[in-house]
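# Geometric and topological summary
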Amino acid sequence: MTTRRTRQPQDLIQLLTRAERLLGRRLSTILAAEGCSLDAWRVITLLSDGAGHHMTELAEHAFLPPATLTKLLDHLVDDNLVYRRGDEIDRRRIRAHLTPRGRRLHQRVSQRIDASMATLATAAGERDLLEELLTRLIDSLEDREVTAVSRSE
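## Quick notes on the overall build of the protein
On a plain count of helices and strands, the protein comes out with six helices and three strands. Taken from the N to the C terminus, the helices and strands of the protein come in the order α-α-β-α-α-β-β-α-α. When each of the 153 residues of the protein is scored for burial, the buried share is 26%. Excluding contacts between residues fewer than 6 apart, the proportion of contacts in the protein whose partners are at least 24 apart in sequence is 47%. Of the roughly 11300 Å² of accessible surface on the protein, a fraction of 54% belongs to carbon and sulfur atoms.

Right, dumping it as structure tokens:
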């Protein structure tokens, strides 16, 4: 008789980590052909909305410490993919924006990534479900993090 194994929280961590690393490798292969790193792609993707973003937002989105983000942005500026401007409301803050060349890179690479993602088994409805479940998990974890921080104060 076969018994069904009960999943432990560590199993979820293992599954999420494994999926993130495999997906990261897939993206890195596409990005390497364009001379772009995964960290740079995270920044470029956020900036693709055209709104311009502060350094704090970029660091959080790219999961990078501020000093590392600054070096990365320096390279993106040198490559004419990003430019920096002072914030119109608060001149002490800097906003980063994509250059036209950066927008073209984003569009070109996004198409290649979308084509690659379409080949995954989790395409179409399953992908939507996966995104919904991961979003709910993140929201739940963030809510608990905020609650834990406020209790410790």
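## Comments concerning helix H5 (residues 100–118)
The end-to-end C-alpha distance of H5, which contains 19 residues, comes to 27 Å, matching closely the 27 Å that a straight helix rising 1.5 Å per residue would cover. Among the residues of H5, those classed as buried are Gly102, Leu105, His106, Val109, Ser110, Ile113, Ser116 and Met117. For H5, the arc enclosing every buried residue in end-on projection is 130 degrees, short of the 170-degree limit, so these residues lie on one face. Those residues of H5 that are exposed and aimed more than 90 degrees away from the buried face are Gln107, Gln111 and Ala118.

## Considerations on the layout of surface pockets
Considering only enclosed or pocket space, the largest pocket measures out at about 1700 Å³ in volume. Along the wall of the largest pocket there are 33 residues; nearest its centre are Glu20, Leu23, Glu131, Leu134 and Ile138. Here the lining of the largest pocket is composed, by residue class, of 19 nonpolar, seven polar and seven charged. Of the volumes computed, that of the second largest pocket is approximately 200 Å³. Here the lining of the second largest pocket takes four residues from H5, the largest share from any one element. When its residues are assigned to classes, the lining of the second largest pocket shows six nonpolar, three polar and five charged.

## Things to note about the nonpolar core
Membership of the largest hydrophobic core comes to 27 residues, with the highest contact counts inside it found for Val43 and Leu76. Only helix H1 (9–32), helix H2 (38–47), helix H3 (55–62), helix H4 (66–78), strand S3 (94–98) and H5 provide two or more residues apiece to this core. At seven residues, H2 tops the list of elements feeding residues into this core.

## A few points about the pairing of S3
Both strand S1 (residues 53–54) and S3 contribute to a ladder of two bridges, which runs antiparallel. In the sheet register, histidine 54 faces S3, and the bridge partner there is arginine 95. Both strand S2 (residues 82–86) and S3 contribute to a ladder of five bridges, which runs antiparallel. Following the sheet pairing, glycine 86 is matched in S3 by isoleucine 94.

The rules behind these values
Residues numbered from 1 in each chain as written. Predicted model: local features only at pLDDT ≥ 70, side-chain atom pairs only at ≥ 80, totals over all residues. Heavy atoms only, no water. Helix = DSSP H or I, 4+ residues; strand = E, 2+ residues; numbered from the N terminus. Buried < 20%, exposed > 50% of the residue type's maximum accessible area, 1.4 Å probe, protein only. Contact = heavy atoms within 4.5 Å. Areas by Shrake-Rupley, 256 points an atom, 1.4 Å probe, with all protein chains shown as cover. Expected span 1.5 Å × (residues − 1). Arc of directions from axis to C-beta. 1 Å grid on protein atoms, 1.4 Å probe; cavity = no way out; pocket = protein on both sides within 12 Å on 5 of 7 lines; lining within 4 Å. Points joined across faces, edges and corners; volume = space filled by probe spheres on them. Nonpolar A, V, L, I, M, F, W, Y, C, P; charged D, E, K, R; others polar. Core = buried A, V, L, I, M, F, W, Y, C linked by side-chain atoms within 4.5 Å. Pairing = 2+ DSSP bridges.

All we've got here are geometric facts, nothing functional implied.
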